[in-house]
Amino acid sequence: MVNLEADLTPGESYTQPTREHALELLHGMLRIRRFEEKAAEVYSLGKIRGFLHLYIGEEAVAVGAMQAIGPDDAVVATYREHGHALTRGIPASVLMAEMYGKVTGCSRGHGGSMHFFDASRRFYGGYAIVGGGIPIAVGLALADKMLNQRRVTACFFGDGAVAEGEFHESMNLAALWKLPVLFLCENNLYAMGTALERYQSQTDISLKARSYNVTSMAVDGMDVLASERAARQAAETVRETGAPFLLEFRTYRFRAHSMSDPDLYRTKEEIEKWKQRDPISTFEHRLRDRGLLTDSDLSRIESEVALEITEAVEFAEAGEFEPVEDLLNDVCTPRPVQPNVSGR
Amino acid sequence: MKDAMTAVTKMTYREAIRSALREALRTDSRVFLMGEDVGRYGGAFAVSHGLLEEFGPERIRDTPLSESAFVGAGIGAALGGMRPIVEVMTVNFSLLALDQVVNNAAALRHMSGGQFSVPLVVRMATGGARQMAAQHSHTLEGWYAHIPGIKVLTPATVPDAKFMLLAALREPDPVFIFEHATLYSMEGETDDSAPPLDFTKAAVRRQGSEVSLITYGALLWKTLEAADELKKAGIDAEVIDLRCLRPLDIETILSSVSKTHRAVVIDEAWRTGSFAAEVSAQIMEGAFDDLDAPVARVCSAEVPMPYAKHLEDATLPQVSTIVEAAKRLF
């Protein structure tokens, strides 16, 4: 059993961020938090249906990790991907519209909360079969290698995925073929409602990666600076070596697994203990202590975020639904009319 | 062996696939082959023999026994701009990759609102009759044909083995090719000067007027034999090779049935929920008034494939069972 409090890359050793960058990180995390709070609110009004998996509590991971991912790199995410999509630069408006099921959504309303896609930002999607996106990331990196593109594929997945065969098959393949994948494991300690130590014989995830000759490291995923620093180091290693790297973020989700989860498997005390490490409020305190954040900064950020989210909801509300006549349009790529030749 | 005056070449089904692979690898630098034992071993069915030496290990990739990872990596590589050809040794093994097939390859285009196409070709061996028993003999392409978003090809002839693969590589979406394992050594002729193939069209392999025998894959050859037997018994049978299970060329089927008024669907899969059931239902929907008899089916017995030869023979559709099924319609 791993001591989750120890054995981590300490955030304090990170070079003091510039004020500008620190405020960007805070803005990025608050944007995710407020976006999801709004999503939960409109979910309860019936505007969003289906599954809605909130990332609240884990914002430092997406915001920290994405600092290391450039526009030419690729991102593969999971069904809990609102934070990754936002941080990747997909506008909040088209994400909200997607959850409303509108044709103005990032996937034309075909995907919903779990399946955000954006080809222009190389955001290859939210995958809702646990572990199912990992082989895709390996293949994207294989294409980059074969096309001599020096890019990284960032592949997010949760601790639950580590129990899937696809994780192990993909670790092996990426290491064997030396592919530039940055595996980003968001270890929030629960596979839906089953605790890590209740489903893993070996709870040290980064150790599993090392057994496949994949370099790995664990970091405090509640600390955005530590997450950023580790991700930059890991991504740089992938770029330099062309080989895969696994970075494990030790984090925690404050909300239930999804909106339909009664959250009976965790104690209130456990959740409260983790909330003391809230990545946003702890970061705010640190910045204030260092004189990098003032009340007016915070209220400016909050009002910017509030405006963006209000506009996102307005955009989603105003959007049209895809006409039912178009239902089958995107199943296959339209084919040019071919001559009627029955063949050789 | 190439005919000097034409582009007609005699070769086996295995060589036909290899020649298509070679042509694709030579003409398109994005094409590569990966799968279990495709390289140094030369392919479990010797299809890719010699390609590693010719194209090198970057483009002829031996994979670990990780069907889900290498089919998924094929999807990712296709998204990333390559034209991967993935060989899965047999359809039974492909079940280990079904998550990637159903949830990713087939779904990605629609799920992403049309943003991502997956130009992936997956080839695999299918079918029985080689005493390979219950884990290497099954006929599951009908399951694949159930899935919207992919195309399902079943080449029965040597030219189809070659040209369907080349046509599949021109497709923007995933194509699954099912090669019946008994066909690899069959000889035939390909004609490189023939016009480009539209693989979505079924082929009438034998003209007839009294009953339509509808089949695909290796059973085409037993069905043609059955048609000869029926001729001796005074029944003029038409034989249709479906060639492509999804999309299904129902027009060719209905036009045949409206002429013959009788249909037998021959399919190596288990009867319940078989592709033959789909074809039968579509004939009922589209040509009910043309039928002089109920649509008949000849399928495999509902049993895991047994090893012993006499039991395997009893499980699979045979010339005699096809003939009997057709005669019962008169």
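Only a predicted model underlies this, so the values are computations on that prediction, with no experimental measurement involved.

A. Geometry of the overall build of chain B. On a plain count of helices and strands, chain B comes out with 13 helices and 14 strands. In summary, chain B has a C-alpha radius of gyration of 20 Å against a globular reference of 20 Å for 330 residues, a match within 12%. Seen along its three principal axes, the alpha-carbon backbone of chain B occupies a region of about 60 × 50 × 40 Å. By residue count, 56% of the 330 residues in chain B fall in the buried class. Put simply, of all contacts in chain B between residues at least 6 apart along the chain, 78% involve residues at least 24 apart.

B. Highlighting the sheet that holds strand β12 (residues 244-246) of chain B. Residue and element names in this part refer to chain B. Ordered in space as β3-β2-β4-β5-β7-β6-β12, the seven strands form an open sheet in which the pairing is mixed. Lying at the two open borders of the sheet, with one neighbouring strand each, are β3 (60-62) and β12. With direction set aside, neighbouring strand axes in the sheet form an average angle of 20°. As judged from the three bridges shared by strand β6 (residues 151-153) and strand β7 (residues 175-180), these two strands associate in the parallel manner.

C. Main features of helix α9 (residues 219-232) of chain B. Residues and elements named next belong to chain B. Between its terminal C-alpha atoms α9 stretches 20 Å, which fits the 20 Å expected from 14 residues at 1.5 Å a residue. Residues of α9 that are buried sit in contact with β9 (203-206), β10 (211-215), β11 (237-241), β13 (263-270) and α13 (319-327). A positive phi of about 85° marks G234, the residue just after α9.

D. Local environment of the confidence of the model for chain A. Scored by pLDDT, chain A comes out at a mean of 93, with 93% of its residues at no less than 70. Contacts from residues 1-13 of chain A, a stretch scored under 50 in pLDDT, to residues over four places away or in other chains number 20 contacts.

E. Molecular detail of the domain arrangement of chain B. Residue and element names in this part refer to chain B. Splitting chain B by domain gives domain 1 (8-191) and domain 2 (203-327). Between the C-alpha centres of domain 1 and domain 2 there is a distance of 26 Å. At the interface, 23 residues of domain 1 touch 22 residues of domain 2. Contributions of two or more residues to the side of domain 1 that touches domain 2 are made by α7 (141-145), β6 and β7. Among the residues forming the side of domain 1 that touches domain 2, the class breakdown is 10 nonpolar, 10 polar and three charged.

F. Representation of the sheet that holds strand β1 (residues 74-78) of chain A in the model. Residues and elements named next belong to chain A. In spatial order, the strands read β2-β1-β3-β4-β8-β7; together these six strands make up an open sheet with parallel pairing. Both outer strands of the open sheet, β2 (123-127) and β7 (215-220), are each paired with one neighbouring strand and no more. Pairs of neighbouring strands in the sheet enclose a mean axial angle of 15°, with direction left out of account. Here strand β4 (residues 181-187) pairs with strand β8 (residues 245-250) via six bridges, running parallel. The residue of β8 that forms the bridge with L182 is F245.

G. Representation of the interface of chain A and chain B in the model. The interface of chain A with chain B comprises 40 residues on the first partner and 44 residues on the second. Elements supplying a minimum of two residues to the side of chain A that touches chain B: β2, α5 (134-146) and α6 (165-176) of chain A. When residues of the side of chain A that touches chain B are assigned to their parent elements, the largest contribution, 10 residues, is made by α5(A). Looking at the side of chain A that touches chain B residue by residue, the class counts come to 18 nonpolar, 16 polar and six charged.

H. Summary view of the packing of helix α2 (residues 59-66) of chain A against helix α9 (residues 224-241) of chain A. Residue and element names in this part refer to chain A. Between α2 and α9, whose axes approach to 7 Å, the crossing angle comes to 40°. Considered as vectors, α2 and α9 are oriented oblique to each other. The interaxial crossing formed by α2 with α9 has right-handed handedness. For the pair formed by α2 and α9, the contact residues are A60, V61, V63, G64 and A65 on the first element and V224, S227, E228 and A231 on the second.

I. Highlighting the packing of α5(A) against α6(A). Residue and element names in this part refer to chain A. Contact geometry of α5 with α6 gives a least axis separation of 9 Å together with a crossing angle of 15°. Between α5 and α6, the crossing angle belongs to the class labelled roughly parallel. In the crossing of α5 with α6, the sense of the turn from one axis to the other is left-handed. Contacts from I134, P135, V138 and A141 of α5 reach α6 at E166, F167, S170, L173 and A174. Looking at the contact of α5 with α6 residue by residue, the class counts come to seven nonpolar, one polar and one charged.

J. Local environment of the environment of D198(B). Assignment of secondary structure puts D198(B) in the loop between β8 (187-191) and β9. On a C-alpha basis, the gap between D198(B) and M164(B) in space is 8.5 Å, while along the polypeptide they are 34 residues apart.

K. Main features of the nonpolar core. Counting 200 residues, the largest nonpolar core has V138(A), C155(A), L182(A) and L213(B) as the members making the most contacts within it. For this core, the two domains that each supply at least three residues are domain 1 (8-191) and domain 2 (203-327) of chain B. Sequence-distant contacts of C155(A), that is, excluding residues within four places in its chain, are made with V76(A), G133(A), I134(A), A137(A), V181(A), L182(A), F183(A) and L184(A).

Criteria and cut-off values
Residues numbered from 1 in each chain as written. Chains lettered and ligands numbered in written order. Predicted model: local features only at pLDDT ≥ 70, side-chain atom pairs only at ≥ 80, totals over all residues. Helix = DSSP H or I, 4+ residues; strand = E, 2+ residues; numbered from the N terminus. Rg over C-alpha atoms; globule rule 2.2 N^0.38 Å. Buried ≥ 20, exposed ≤ 12 C-beta atoms within 10 Å, placed from the backbone. Contact = placed C-beta atoms within 7 Å. Pairing = 2+ DSSP bridges. Axes fitted to C-alpha atoms, helices over the stretch in contact; angles between N-to-C directions. Expected span 1.5 Å × (residues − 1). pLDDT = per-residue confidence, 0-100. Domains from an automatic or database assignment. Nonpolar A, V, L, I, M, F, W, Y, C, P; charged D, E, K, R; others polar. Parallel < 35°, antiparallel > 145°, perpendicular 65-115°, else oblique. Left-handed = near helix turned anticlockwise from the far one by under 90°. Core = buried A, V, L, I, M, F, W, Y, C linked by C-beta atoms within 7 Å.

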